[in-house]
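Examination of the molecular architecture
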Amino acid sequence: HCLRGITRGNVIEMCRRYAIPVYEKDFSLTDVYGAGEAFVTGTFAGITPVVEVDGRAIGEGGRGSMTNRLDKLYAALIEAECPPPDGAR
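Attention in this report is confined to the structure presented alongside it. Computed from a predicted structure; not experimentally measured.

Cut-offs applied
Residues numbered from 1 in each chain as written. Predicted model: local features only at pLDDT ≥ 70, side-chain atom pairs only at ≥ 80, totals over all residues. Heavy atoms only, no water. Helix = DSSP H or I, 4+ residues; strand = E, 2+ residues; numbered from the N terminus. Buried < 20%, exposed > 50% of the residue type's maximum accessible area, 1.4 Å probe, protein only. Contact = heavy atoms within 4.5 Å. Phe/Tyr/Trp six-rings, centres within 6.5 Å; stacked < 30°, edge-to-face > 60°. Lys NZ or Arg CZ within 6 Å of the ring centre and 35° of its normal.

Another point: unusual backbone geometry. The bulk of non-glycine residues show a negative phi, and the bulk of peptide bonds are trans. Although it is not a glycine, Ala19 adopts a positive phi angle of roughly 55°. By the element assignment, Ala19 lies in the loop between helix 1 (6-17) and helix 2 (29-33). According to the relative accessible area criterion, Ala19 is exposed, its value standing at 70%. Located in the positive-phi region is Asp54, a residue other than glycine, with phi close to 55°. Turning to its location among the elements, Asp54 is positioned in the loop between strand 3 (52-53) and strand 4 (56-57).

Below is the structure:
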């Protein structure tokens, strides 16, 4: 069960737009332990990798390639939707 946050919704929409498989479903702790990589989303944090759960490394224990890809796509979305004011770069 997760909140239907704005960042989460944007990431799901991005995945659909760029043909990145995305599923909304319940998952078990066993699923988490066996994940190749994981991330969480939040208004201030954006896309944040989950590198460890209960002392167990997730995937390689660091930021994964999909998290990197989504982070770059999300940064581009923010830049396009919320450009800085003129002269503020």
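Next, the rest of the story.
Further remarks concern the environment of Arg63. In this fold, Arg63 is placed in the loop between strand 4 and helix 3 (65-81). According to the relative accessible area criterion, Arg63 is partly exposed, its value standing at 39%. Between the C-alpha atoms of Arg63 and Glu37, which are 26 residues apart in sequence, the distance is 7.5 Å. Residue contacts for Arg63: discarding those within four places in its chain leaves Ile47, Pro49, Val51, Asn68 and Asp71.

Taken as a whole and assessed by the stated rule, the structure comprises zero aromatic pairs. Across the ring face of Tyr33, the terminal group of Arg56 is positioned such that the distance to the ring centre comes to 3.9 Å.

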